[in-house]
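Remarks on the overall topology
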Amino acid sequence: MGAQLRVYRRQIRSVQSTQKITKAMELIAASRIVKAQNRVNAARPYADELTRALAALGKDASLKHPLLTGAENPRRTGILLVTSDRGLAGGYSANAIKKANELAASIRGNGGEPVIYVIGRKGVAYYRFRQIRTAGSWTGFSEQPTFLDARDATETVVSALLATSEGESDGHAGIDELYVVYTRFESMVTQTPTASQVAPVRLSDAEQAAQDERDAQSSQSSDSPAPSYDFEPEPDELLTALLPRYVRARIFSALLESAASESAARRRAMKSASDNAADLIKTYTRLANQARQAEITQEISEIVGGADALAAAGSDY
């Protein structure tokens, strides 16, 4: 009984140590969420409005640019996957990887070829373990990305987008379109894996619906024509400078969304781990108490039995 009691007490101490670690990680993740959410809210309007403006320009048949109009028959599609550098975040990275695999399967089903780019050690490890070739990878900034962190990835995918289908860019064949797969931050409890088309410029279904609603309201309130754009300098020169900035802004916005989602997922996972540790401590404490009670009962029984044996021996004499 004594040995069993020591085992339970050792397990209680071990779980308590783990609970302290998970609780500390939960508090750290919670402290990062607010800052990350503020950065998301600050960056999202710029990326959304820039996308709407360029999507409107894309409808102008006189403007031709590979990042604006895209290829007529896209053969190679880039997929930029954003995952985490560290674990202990529940299914955050696994859900993003699953979304990227679904998109890659859909591209192959349509006769295209997916080209994988990965941000985050979890995604890099996933494809490396399965010996799946990636066209580029970047790590070390998933939790607190900066605008400079998006630059290397942007330069790689933009050079691939600008490469002709027959030519090559930096030793790799070009791509005709680009999707960014990331985890969109909806709320503290909801984060949604999302595949967003970045190039050629397209509005998502939700953005298109909102744009149509604004256009309808504008047409009802005023008979003014749709907005037109004047270019200074020439359109080709301006788009050549503007569109890479647009891709960089979209990638950076996706990094910020993913960072907020990662912190929220880690906080939720660590809270669940802390709660499970508390339940284990209660269970082991109850078992330890039962073992202690059984030990005391056995000791009392041994004392009573010994006293009875002494009394019986004395009466014989």
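Just above sits the structure.
Figured I'd write up the structure that's included with this text. (Residues numbered from 1 in each chain as written. Predicted model: local features only at pLDDT ≥ 70, side-chain atom pairs only at ≥ 80, totals over all residues. Heavy atoms only, no water.)

1. Things to note about the pattern of salt bridges
Enumeration over the complete set of coordinates arrives at 12 salt bridges. Here Lys23 and Glu26 are joined by a salt bridge, their closest N and O atoms 3.7 Å apart. Separated by three residues within a single helix, Lys23 and Glu26 lie in helix α1 (residues 2–58), roughly one turn from each other. Looking at Glu26, the relative accessible area reads 8%, which means it is buried. Between Arg44 and Glu257 there is a salt bridge, and its shortest N-O distance comes to 2.6 Å. Here Glu257 lies in helix α7 (residues 235–316) and Arg44 lies in helix α1, a separation of 213 residues in the sequence. What makes Glu257 buried here is its relative accessible area of 2%. (Salt bridge = Lys/Arg side-chain N within 4 Å of Asp/Glu carboxyl O. Helix = DSSP H or I, 4+ residues; strand = E, 2+ residues; numbered from the N terminus. Buried < 20%, exposed > 50% of the residue type's maximum accessible area, 1.4 Å probe, protein only.)

2. Points about helix α3 (residues 92–109)
A rise of 1.5 Å per residue sets the reference length of α3, with its 18 residues, at 26 Å; its end C-alpha atoms lie 26 Å apart and thus fit the reference within 8%. Taken together, the buried positions of α3 are Tyr92, Ser93, Ala96, Ile97, Ala100, Leu103, Ala104 and Ile107. Projected onto a plane normal to the axis of α3, the buried residues spread over an arc of 120° and lie on a single side. Facing away from the buried side of α3 by more than 90 degrees, the exposed set consists of Lys98 and Gly109. Once α3 finishes, Gly111 follows within two positions and takes phi at roughly 85°, a positive value. (Expected span 1.5 Å × (residues − 1). Arc of directions from axis to C-beta.)

3. A few points about the nonpolar core
Counting residues in each nonpolar core, the largest one holds 44 residues, and the members touching the most others are Leu54, Tyr117, Leu178 and Val247. Elements that contribute at least two residues to this core include exactly α1, α2 (66–69), β1 (76–82), β2 (113–119), α5 (149–162), β6 (177–185), β7 (191–199) and α7. The element contributing the most residues to this core is α7, with 12 residues. Look past the residues within four positions of Val247 in its chain and what remains in contact with it is Leu67, Thr154, Val157, Val158, Leu178 and Val198. In terms of nonpolar packing, the next biggest core, distinct from the first, is built from 15 residues, Ile97, Ile107, Val118 and Tyr127 among them. (Core = buried A, V, L, I, M, F, W, Y, C linked by side-chain atoms within 4.5 Å. Contact = heavy atoms within 4.5 Å.)

4. Section: the environment of Tyr126
Within the secondary structure, Tyr126 is located in helix α4 (residues 121–129). Once the C-alpha coordinates of Tyr126 and Ala94 are considered, the two residues, 32 residues apart in sequence, prove to be 9.3 Å apart. Setting aside chain neighbours within four positions, we find Tyr126 in contact with Ile97 and Asn101. Side-chain polar atoms of Tyr126 contact the side chain of Asn101, separated by 2.9 Å. (Polar contact = N/O pair within 3.5 Å; in protein donor to acceptor, adjacent residues only side chain to side chain.)

5. A few points about the packing of aromatic side chains
Evaluated as defined, the whole model comprises four aromatic pairs. Judged by centre distance (6.4 Å) and plane angle (20°), the ring pair of Tyr117 and Trp138 falls under stacked. Of the two residues, Tyr117 sits in strand β2 while Trp138 sits in strand β3 (residues 136–138), which places them 21 residues apart along the sequence. Tyr117 gets classed as buried once you look at its relative accessible area, which sits at 3%. On the numbers, 5.1 Å between centres and 90° between planes, the contact of Tyr126 with Tyr127 is edge-to-face. Here the two residues Tyr126 and Tyr127 agree in accessibility, since each one is buried. (Phe/Tyr/Trp six-rings, centres within 6.5 Å; stacked < 30°, edge-to-face > 60°.)

6. Digging into the pairing of β2
Counting buried positions along β2 yields six of seven residues, so the element is predominantly enclosed. Alignment of β1 against β2, held across seven bridges, turns out to be parallel. Note on β2: the bridge partner recorded for Arg76 is Glu113. Regarding the hand of the β-α-β motif, the stretch spanning β1, α3 and β2 is right-handed. Relative to β3, β2 runs parallel, the two sharing three bridges. Bridging from a neighbouring strand, Tyr117 pairs with Gly136 of β3. (Pairing = 2+ DSSP bridges. Right-handed = clockwise from strand over helix to strand, strands pointing away.)

7. What about a positive patch on the surface?
Positive charge collects at one region of the surface, where Arg6, Arg9, Arg10 and Arg13 lie side by side. Inspection of the secondary structure assignment puts Arg13 in helix α1. (Patch = residues over 30% accessible without salt bridge, like charges linked within 9 Å, V, L, I, M, F, W, Y side chains within 5 Å. Areas by Shrake-Rupley, 256 points an atom, 1.4 Å probe, with all protein chains shown as cover. Lys, Arg positive; Asp, Glu negative; His and termini not counted. Charge placed at Lys NZ, Arg CZ, Asp CG, Glu CD.)

8. Points about the packing of α3 against α4
At their nearest, the axes of α3 and α4 sit 10 Å apart, and the two run at 55° to each other. Taken together, the axes of α3 and α4 lie oblique to each other. As α3 packs across α4, the resulting crossing turns out to be right-handed. Contacts between α3 and α4 involve Ser93, Ile97, Ala100 and Asn101 from the first element and Lys122, Gly123, Tyr126 and Tyr127 from the second. (Axes fitted to C-alpha atoms, helices over the stretch in contact; angles between N-to-C directions. Parallel < 35°, antiparallel > 145°, perpendicular 65-115°, else oblique. Left-handed = near helix turned anticlockwise from the far one by under 90°.)

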